[in-house]
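Structural overview
One letter stands for each residue in the lines below.
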Amino acid sequence: MTFGEWLRWFSNLFVKEFLTYFIDPASRFILVVPLIIQIFLFGYTATFDLNHAPIAVLNESHGRFSQQLVSQIGASPTFYIRRYLDNASQMKDELNPRDSLAIVHIQSDFDSKLAQGKQGPVQIITDGRNSTTAGLAAAELSTIIQEFNHRYVGVPEGIDIETRAWYNPNLQTQWNIVTALIGTLSFIQVLMLSALSVAREREHGTFDQLLVSPYRPFEILLAKATPPIVIGIAQTFIVVLFAVFWFNIPMRGMLLPPLYFGIFIFTLSTVGTGLAISSISQTMQQAMIFSFVLIVPMVILSGLVTPVYNMPEILQILTYVDPLRFALEYVHGVYLENLSISELWGQIIPMLVTAVVTLPFAAFFFRRSL
């Protein structure tokens, strides 16, 4: 066979494979629309730039200099002051739910020390759970304060800035990324495994054997859901071991019981999503395509790439249907903050809702296919 003959022979196979992606309207939709959506998602959310980031201010001085400093910070396009605190005890309530990225604490002797030509104490407290944005916020606030300092002649010492980061004292990126992988890696693997389960039966021709088996549809679906859950929980355990013993990220308090309670709920919601995909997919190829279409936006909208509050408002609304967002907040809350289950119901309930919606959806389509 000459090269030309081989090329014509091979082109038939190439055209056949190429047409399989465009003959089916659903396949054309999957190839075009998700691409456009992901372009917008990456363009608007995959950034560490700070734009209109929320901060809180605790001004214990209330003098002329402190008021001017607060006004200058509030006039910055980088930040907006979402709350003025009354006392230091409110700081935890502001940072724990991630309502504010940072807190500017102007101490009570700020004005008096500046008037005496001494350093005026200002403390910047950032949320170290996202070390990248915390560092950017601290640097930008320091720049604003230094600019304010240069405006006042006759203050030789200027303002003494003290920066602290809660939950991640050294602002190590690994603390944020590695702990987030506890939920992210299991999410990807569990979604793929559960999405391929029923589709694999159809493609391999063994689905008909299930039809004549003595098992009920519920039992078959449960049998397909259990292994991905076990695998997902085992994977999170391995990631925790690496986080503690390899990356030296300290555990705070009794980690494992509350952590794996949340991981189980999250894995249940992921399996429900995967089985729903598998129940409506006729082939493994379709199941994989549907899975990848979901994985990329859900990872971006989870807050792993960039904080949720830094996204456009419409995308922030979309994050409420993303269980991975609440899983990462739950893992960070347990691992880095030592929060209890009772303090994290705001993250558990959305994951439960996802499981309650997707599992019956998967069961319905699975019974229809029998």
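As a reminder, the structure under discussion sits directly above these lines.
The rules behind each value
- Residues numbered from 1 in each chain as written.
- Predicted model: local features only at pLDDT ≥ 70, side-chain atom pairs only at ≥ 80, totals over all residues.
- Heavy atoms only, no water.
- Helix = DSSP H or I, 4+ residues; strand = E, 2+ residues; numbered from the N terminus.
- Buried < 20%, exposed > 50% of the residue type's maximum accessible area, 1.4 Å probe, protein only.
- Salt bridge = Lys/Arg side-chain N within 4 Å of Asp/Glu carboxyl O.
- Expected span 1.5 Å × (residues − 1).
- Polar contact = N/O pair within 3.5 Å; in protein donor to acceptor, adjacent residues only side chain to side chain.
- Core = buried A, V, L, I, M, F, W, Y, C linked by side-chain atoms within 4.5 Å.
- Contact = heavy atoms within 4.5 Å.

1. Structural notes on unusual backbone geometry
Phi at Asn-248 takes a positive value of approximately 55°, unusual for a residue other than glycine. Backbone geometry at Asn-338 places phi at a positive 60°, although glycine is not the residue there. By the element assignment, Asn-338 lies in the loop between helix H13 (323–335) and helix H14 (345–369). A relative accessible area of 40% means that Asn-338 is categorised as partly exposed.

2. Describing the pattern of salt bridges
Counting across every chain of the model gives four salt bridges. Salt-bridge contacts for Arg-82 lead to Glu-94; the nearest nitrogen and oxygen are separated by 2.3 Å. Remark: Glu-94 occurs in helix H4 (residues 91–95) and Arg-82 occurs in strand E2 (residues 79–84); sequence separation between them is twelve residues. Its relative accessible area of 0% is what places Glu-94 among the buried residues.

3. Quick word on helix H6 (residues 131–150)
Relative to the 28 Å expected for 20 residues at 1.5 Å per residue, H6 spans 28 Å between its end C-alpha atoms, a close match to the ideal helical length. Those residues of H6 lying buried are Ser-131, Thr-133, Ala-134, Ala-137, Ala-138, Leu-141, Ser-142, Ile-144, Ile-145, Phe-148 and Asn-149.

4. Regarding H13
If you check H13, its first and last C-alpha atoms are 18 Å apart, about what 13 residues at 1.5 Å a residue would give, namely 18 Å. Along H13, 13 of the 13 residues are buried, which leaves the element largely enclosed by surrounding structure. One side-chain oxygen of the residue at the start of H13 lies 3.0 Å from the amide nitrogen of Leu-324, identifying that residue as Asp-322.

5. Some remarks on the environment of Gln-68
Here Gln-68 is to be found in helix H3 (residues 64–74). For Gln-68, a relative accessible area of 30% corresponds to the partly exposed category. It is 8.5 Å that separates the C-alpha atoms of Gln-68 and Phe-148, two residues lying 80 residues apart in sequence.

6. Section: the nonpolar core
Formed by 29 residues in total, the largest nonpolar core has its most connected members in Met-91, Ile-103, Ile-182, Val-240, Ile-249, Leu-259 and Tyr-335. Broken down by secondary-structure element, the contributors of at least two residues to this core are strand E1 (53–59), H4, helix H7 (173–204), helix H9 (217–245), helix H10 (256–280) and H13. Other than its neighbours up to four places away in sequence, Ile-182 contacts Thr-236, Val-239, Val-240, Ile-263, Val-331 and Tyr-335. Ranked by size, the runner-up nonpolar core spans 23 residues in total, among them Ile-55, Ile-81, Ile-106 and Phe-148.

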